[in-house]
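Listed here are the chains, written in short residue letters.
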Amino acid sequence: MSQKFSTACPLSATQQPHPAAHYRPSRTAQWAIVGLICGGLLSALPAAAQVKIGFITTLSTPAGYLGQDARDGFMLAIDEEKGRLGGVPVQLIVEDDKLQPAAGKQIAEKFLQSDKIRLFSGLIFSNVAAAVVPDLLAANAIFVSPNAAPSNFAGKGCHRNYFVASWQNDSLHAASGALAQSLGYKRMVLLAPNYQAGKDAINGFKTKYKGSVVEEIYTNLNSTDFAAEMARIRQLKPDAVYQFHPGGSGIAFIKQYSQAGLKATIPLVVPMPGLESRILGAVGEDAVGVIATSHWNGDFENPVSKAFVEGFRSKYNREPTPYAAQGYDAARLIGAALKATGGKVEDTEKFRAAMLKADAKLTRGNFRFGQNQHPVHDWYQVSAVKGSDGKLSLKTGVKVLTNEGDPYAQECKM
Amino acid sequence: MSIELLIEQSVNGLQLGLTLYLLAAGLTLIFGVMGILNLAHGSMYMVGAYAAAAIAAKTGSFVAATAGGAAAAGLFGLLVEFVIVRRLYHREHLDQVLATFGVILFTNEAIAMLFGRSPLFMPTPQWAAGQIEIFPGVPYPQYRIFVMAAGIVIAVLLWQLITRSRLGMQIRAGATHRDMVGALGVNIARLYTVVFGVGALLCGVAGALIGPVRSVQIGMGEDVLILTFVVVVIGGIGSLKGAFAGAMVVGIIDTLSRAVAGPAIKAWIGGPTGDSLAAGLSSIMVYLVMALVLVIRPTGLFPATGNRVSHAGH
C-alpha cells in the first residue's frame, strides 16, 4: 500500500517529512491524501525522469532517532537542490525497518520488485544490513550506507556495488584507541556489553591502544544500572576508562560515572555514538569532560559543514548529529555520481566508477574511498564542554588520525 | 576483594532491590488482588519518568517533578483501568496479556509523538549531586542514598496502608477471599480501580526517582518489566512482603554476581572464555535463583494465602 503511496507522487522528496511519516493512515485516508497532495503538486513537478532512491532505515524503536537524522540529512541535500541530486531529479522513498532484519528484507524485496528501485541507502544497524544488503547486491542494485558498516562487507565480503559513506565499525573504536594512546594513558579499563558489537568495540580499541588493559568488563546487554561496575573501576584505579554502550545504556553509564565521582579523577573515553548532540542533551552536565572521537562534529569550520548545520537547524529546528551529517554526505556522494552518469543508475559499472571518484564536497572535509569502498578520512577528538553562557556543547579538539581507513580494506579484492 | 568493596557492592544491591520493590509492589498487588496480568506496568513507569523529566525541565524543581511524575502515572493508570483493564477481569490471562501488550505499543508510540524519540534529560537535584563516604575510602553517590531512603519510606508507608487501614484490609481480603469481600458489600469494582491506580502511582514514583540515574527513553519500561516479574515470582504473587523479599534477593544477587562471581570466574578461567562465562553467568544468575525458588517453593517465598486464582473463568 505505502509503495503506491510513494510512487503515485513524490511526496517524500518534495515535502518535509512529518515526524509521524511512518504511521500509516487507513487505505481511504491514504488515497485521499495522495489525491490532495498530488493534485496540488503535479503542476510543479519536473518533467525529467526521476531516479528513485530506496531508503530503508530505522525510524521506530528507541534508536529511531538515528534513522530519522540520517533521513533528514539526506533530505536536506535533496531540498538544497530543489528535488535533485547532482542536477538529476530524485525521489526518496523511505520505509521503517523497525530494527528488524526480516522487516528490512521485506521492504527491500518490495522496493526491488514492485518499485524497480536500483539505488539504495538508509540502513543504520549492522544486523539489518547483514540481512538486507545481500538481497540488494544479488539484484545488482547499488547501496550507499549512511551508517551501517559491519566487518563482513568490509574485507573478503566486499562488493563492487556496496559503498559506505559513514565509517567502518571497527575504525570507530580504533580511533578512540588512538586517542587514548596519544593522551598517554598507561592503564585502562574497557567496558562493553556482552555481545558481538561489544567485543568488536573492545578489540577495535585495542588495535590502536598499546598501553596495558587492566581489565575488560563485559556488561549485560541493555543493562542500565552500573553501580557494581563503578565500584570495580574505583578499586582498579586505572588512568582512564573506555566504554561503549549504545543508546540508553550509554546515557545511564555516563550519568552514573559522574554521580559516583569517578569522572573528576579518571577520564572517560567513548566512541562517537556515546557522545553526540542527542546523548549530550539527555546526559546534561554529567557529560562535561567526557572525551570522544568523531569523523564529524557540529563546530567544523569548513563551509560545507557550516552550511549543512545552518540548513539543518533552520529546516528541522534541532541540532544535527553525526548521523545526519552522514546522511547528507551519502546524498552528496550519490549526487556526484548521478551528475557524472546523467542519472543512469542501470549501468552499475559506470555509476561505480563515478562514485569511486567521490567528487563531492562533504561535511567532514577530507574524504576518499579506500579499496573496499569504505571511507578513508580523518578522526578528531571531541569533548563535552560547558560554555561561559552555561550552555553545553561538543567541541572539536586535535586531529587524532589522518587519512585513516579500516583494518579490513587490504583483505578486499575486487 | 576487600571488605569495603564487599560492603559497597552490598549497598548497591540493596539500592537496586529498593527500586525494584517500587515496581514489584504495584505489579504484585494488581495481579494478586485483581488477577490481572498487567504487561503495561512498565509503561506506567515510563509515563512517570517522562512526566517528571518534562516538569523538571519546565520548573527545575525535583519535588514538583517527582510529585508530577507520580500523579501522571497514577492518572494514566486510572485511565487504562477505566478504558481497557476493566473489560478484562473475567477474561483469560491470554486476553489480558494481549490487551496490556497493546497498551505498551500504544504508550510507546504516543510518547514518541509527544516527546520525539530522543532520550530526555532529567537532572540530578543539586542537593544530591555529590558523594558521601559510607565507609572510610568508599564514597557513595548521595542521590543513590536518597533513592534508598525514599524506597524505605515508601515501603513502610505502603506496609502501614495495607496492614493498618480499612482500605488495606479490603485489599488484603480481596487478594485472598475475593468472592466473600464482594458478598460483604465492598464495592469490588472501585477497589480494583484504586489498586490499579496505586500500582501505577508507585511506578510513577519509581520512574521519577530513577530518571536522574538512568535514561528516560521510550521502551525503558520493558527493560525493567522482566526483572520485576522475576521479583514477583520469587516473592510470591500477591504478597507485598514477598515482593520486598524478592526485590532484595534479586537486587543483591544481581549486583554481587556482577561484582564478585564475575571477577572470580575470570580469575579462575581467564582469557576470552572467562570473560564470556563471567558475563553470561552474571546475567542468568537471577533466573537461576528464580528457578531454584520455584522448585523448592513453587508459590514463592511468601505466598499470599487463600483462593487467589479461584476466580479465573467467572
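What you are looking at is a predicted structure, and each value in this text was computed from that prediction instead of being measured.

Helix and strand content of chain A: 14 helices and 14 strands. The buried share of chain A, reckoned over its 414 residues, is 56%. Summarising the internal contacts of chain A: among those between residues at least 6 apart in sequence, 73% fall at separations of at least 24.

Scanning chain B from terminus to terminus reveals eleven helices and two strands. For chain B, buried positions account for 53% of its 314 residues.

This next bit is on the interface of chain A and chain B. With 31 residues of chain A in contact, the opposing surface of chain B contributes 37 residues. For the side of chain A that touches chain B, the secondary structure elements donating two or more residues are α4 (64–80), β8 (212–219), α9 (227–236), α10 (247–259) and α11 (277–283) of chain A. The leading source of residues in the side of chain A that touches chain B is α10 of chain A, at six residues.

All names here are of chain A. The contact between helix α13 (residues 322–341) and helix α14 (residues 348–357) brings their axes to 8 Å, and the two run at 125°. The pairing of α13 with α14 is recorded here as oblique in orientation. Crossing of α13 against α14: the hand is right-handed. Between α13, through L333, A336, A337, A340 and T341, and α14, the contact on the second element is made entirely by K350, F351, A354 and M355. Of the residues assigned to the contact of α13 with α14, the class counts are seven nonpolar, one polar and one charged.

What follows concerns the domain arrangement of chain A. Residue and element names in this part refer to chain A. With domains assigned, chain A is organised as domain 1 (2–167 + 301–369) and domain 2 (170–294 + 378–411). Across the boundary between the two partners, domain 1 contributes 13 residues, which contact 15 residues of domain 2. Tallied by class, the residues present in the side of domain 1 that touches domain 2 amount to six nonpolar, five polar and two charged.

Following the sequence through the fold, G155 of chain A ends up in the loop between β5 (142–145) and β6 (162–164). For the pair G155 of chain A and P407 of chain A, spaced 252 residues apart in sequence, the C-alpha separation works out to 8.3 Å.

Residues and elements named next belong to chain B. Sheet topology note: the strand β1 (residues 131–135)/strand β2 (residues 138–141) ladder contains four bridges and is antiparallel. What sits directly across from F135, in β2, is V138. Joining the antiparallel neighbours β1 and β2 is a turn of two residues, in which G137 adopts a positive phi near 80°.

Along an α-helix, a turn takes 3.6 residues, which lines up residues three or four apart on a common side. Residues and elements named next belong to chain A. Over its 13 residues, helix α6 (residues 126–138) extends 18 Å from the first C-alpha to the last, a length consistent with the 18 Å expected when each residue adds 1.5 Å. Along its length, α6 shows its largest kink, about 30°, at V132, and proline P134 lies within four residues downstream of that point. Residues of α6 that are buried: S126, V128, A129, V132, V133 and L136. One or two steps after α6, the chain reaches N140, where phi turns positive at roughly 60°.

This part is about unusual backbone geometry. Generally, phi is negative for residues other than glycine and the peptide bonds are trans, each holding for most cases. All names here are of chain A. Non-glycine residue K82 carries a positive phi angle of around 55°. Residue position: K82 is located in the loop between α4 and β2 (84–85). Its identity is not glycine, yet Q373 carries a phi of approximately 65°, on the positive side. Note on placement: Q373 falls in the loop between β12 (367–369) and β13 (375–386).

Okay, the sheet that holds β6 of chain A next. All names here are of chain A. Sheet architecture is open: six strands sit in the order β2-β3-β1-β4-β5-β6, paired in mixed fashion. Only two strands of the sheet have a single partner each, and these edge strands are β2 and β6. Relative to strand β3 (residues 88–96), β2 runs antiparallel, the two sharing two bridges. In the strand pairing of β3, R84 is matched with P89. Lying on the sheet, helix α5 (residues 101–113) is in contact with β1 (51–57) and β3; it crosses β1 at an angle near 170°.

The next thing to look at is the confidence of the model for chain B. All names here are of chain B. On average, residues of chain B score 90 in pLDDT, and 96% of them reach the 70 mark or higher. Low pLDDT, under 50, characterises residues 307–314; the predicted model gives this stretch ten contacts beyond four residues in sequence or across chains. Taken together, the chains of this predicted complex give a pTM of 0.87 and an interface ipTM of 0.89.

For the rest of this paragraph, the subject is the confidence of the model for chain A. In low-pLDDT segments, the atomic positions of the prediction should not be examined closely. Residues and elements named next belong to chain A. The predicted model of chain A has a mean per-residue pLDDT of 90, with 88% of residues at 70 or higher. Taken together, the stretch residues 1–24 has pLDDT below 50 and engages in 43 contacts with residues farther than four places along the chain or on a different chain. For residues 42–47, every residue scores under 50 in pLDDT, and the model assigns this stretch two contacts once sequence neighbours within four places are set aside.

Residue and element names in this part refer to chain A. Along the chain, K350 falls in helix α14. Distance from K350 to Y408, taken between C-alpha atoms, is 25 Å for residues 58 residues apart in sequence. Once residues within four sequence positions are removed from consideration, K350 is found in contact with T341 and K344.

All names here are of chain A. With four bridges joining them, strand β11 (residues 291–294) and β13 adopt antiparallel strand pairing. Its bridge partner lying in β13, T293 is registered against Q381. Relative to β13, β12 runs antiparallel, the two sharing three bridges. Counted as the bridge partner of F369 is P375 from β13. Hairpin connection, β12 to β13: the antiparallel pair is bridged by five residues, and Q373 has positive phi, about 65°. In this structure, β13 lies alongside strand β14 (residues 392–404), joined through eight bridges in antiparallel fashion. The residue bridging Y380 from the neighbouring strand is K399, located in β14.

Here we take up the packing of helix α1 (residues 3–34) of chain B against helix α9 (residues 220–235) of chain B. All names here are of chain B. Relative to each other, α1 and α9 sit at 65°, their axes nearing to 9 Å. Remark: the crossing between α1 and α9 carries right-handed chirality. On α9, the residues touching L20, L23, A24, L27, T28 and F31 of α1 are V224, L227, T228, V231, V232 and G235. The residue inventory of the contact of α1 with α9, partitioned by class, reads nine nonpolar, three polar and no charged.

What counts as what
Residues numbered from 1 in each chain as written. Chains lettered and ligands numbered in written order. Predicted model: local features only at pLDDT ≥ 70, side-chain atom pairs only at ≥ 80, totals over all residues. Helix = DSSP H or I, 4+ residues; strand = E, 2+ residues; numbered from the N terminus. Buried ≥ 20, exposed ≤ 12 C-beta atoms within 10 Å, placed from the backbone. Contact = placed C-beta atoms within 7 Å. Axes fitted to C-alpha atoms, helices over the stretch in contact; angles between N-to-C directions. Parallel < 35°, antiparallel > 145°, perpendicular 65-115°, else oblique. Left-handed = near helix turned anticlockwise from the far one by under 90°. Nonpolar A, V, L, I, M, F, W, Y, C, P; charged D, E, K, R; others polar. Domains from an automatic or database assignment. Pairing = 2+ DSSP bridges. Expected span 1.5 Å × (residues − 1). Bend = angle between axes of the 7 residues up to and from the residue. pLDDT = per-residue confidence, 0-100.

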